[in-house]
Amino acid sequence: MDASYHRHVMILALIFAIVAASWDLSFGYGGLFSFAHVALFAVGV
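For every chain, the first residue of the written sequence is number 1, and numbering continues from 1 along that sequence. Local features in a predicted model are, by the rule used here, given only for residues with pLDDT of at least 70; side-chain atom pairs are given and counted only at 80 or more, and totals for whole chains, interfaces and linings are based on all residues. With hydrogens and water stripped out, all remaining heavy atoms of the structure feed into the side-chain values.

J.: Teacher, can you tell me more about the overall build of the protein chain here?
T.: In terms of regular secondary structure, the protein chain is built from two helices and zero strands. The rule is simple: take the accessible area with a 1.4 Å probe, protein chains only, and divide by the maximum for that residue type; under 20% is buried, over 50% is exposed, in between is partly exposed. The proportion of buried residues among the 45 residues of the protein chain is 7%. Surface exposure of the protein chain reaches about 3900 Å², of which carbon and sulfur atoms provide 75%. Only DSSP runs of H or I with at least four residues qualify as helices, and only runs of E with at least two residues qualify as strands; both kinds are numbered from the N terminus onward. Accessible areas in this description were obtained via Shrake-Rupley with a 1.4 Å probe; residue shielding takes into account the shown protein chains only.

Pasting the structure below:
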């Protein structure tokens, strides 16, 4: 396979890891739930 494909997969995995960490911090530890946060994730994806 091409190296650009593997780079693309790794970039997507890191982006989803950042989103998951942010979601865990805001919703899990902070107890905050806002639809604006979900909307920003949806626009980013």
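After that view of the structure, there is still more to cover.
J.: Could you clarify how one ought to interpret a nonpolar patch on the surface in this entry?
T.: Together, I11, L12, I15 and F16 make up an exposed nonpolar region whose accessible area comes to about 350 Å². Tracing the chain through its elements places I11 in helix 1 (residues 3–29). Distance thresholds for patches are 9 Å for like charges and 5 Å for nonpolar side chains (Val, Leu, Ile, Met, Phe, Trp, Tyr), applied to residues having over 30% relative accessible area and no salt bridge. We define a salt bridge as a side-chain nitrogen of Lys or Arg found within 4 Å of a carboxyl oxygen belonging to Asp or Glu.

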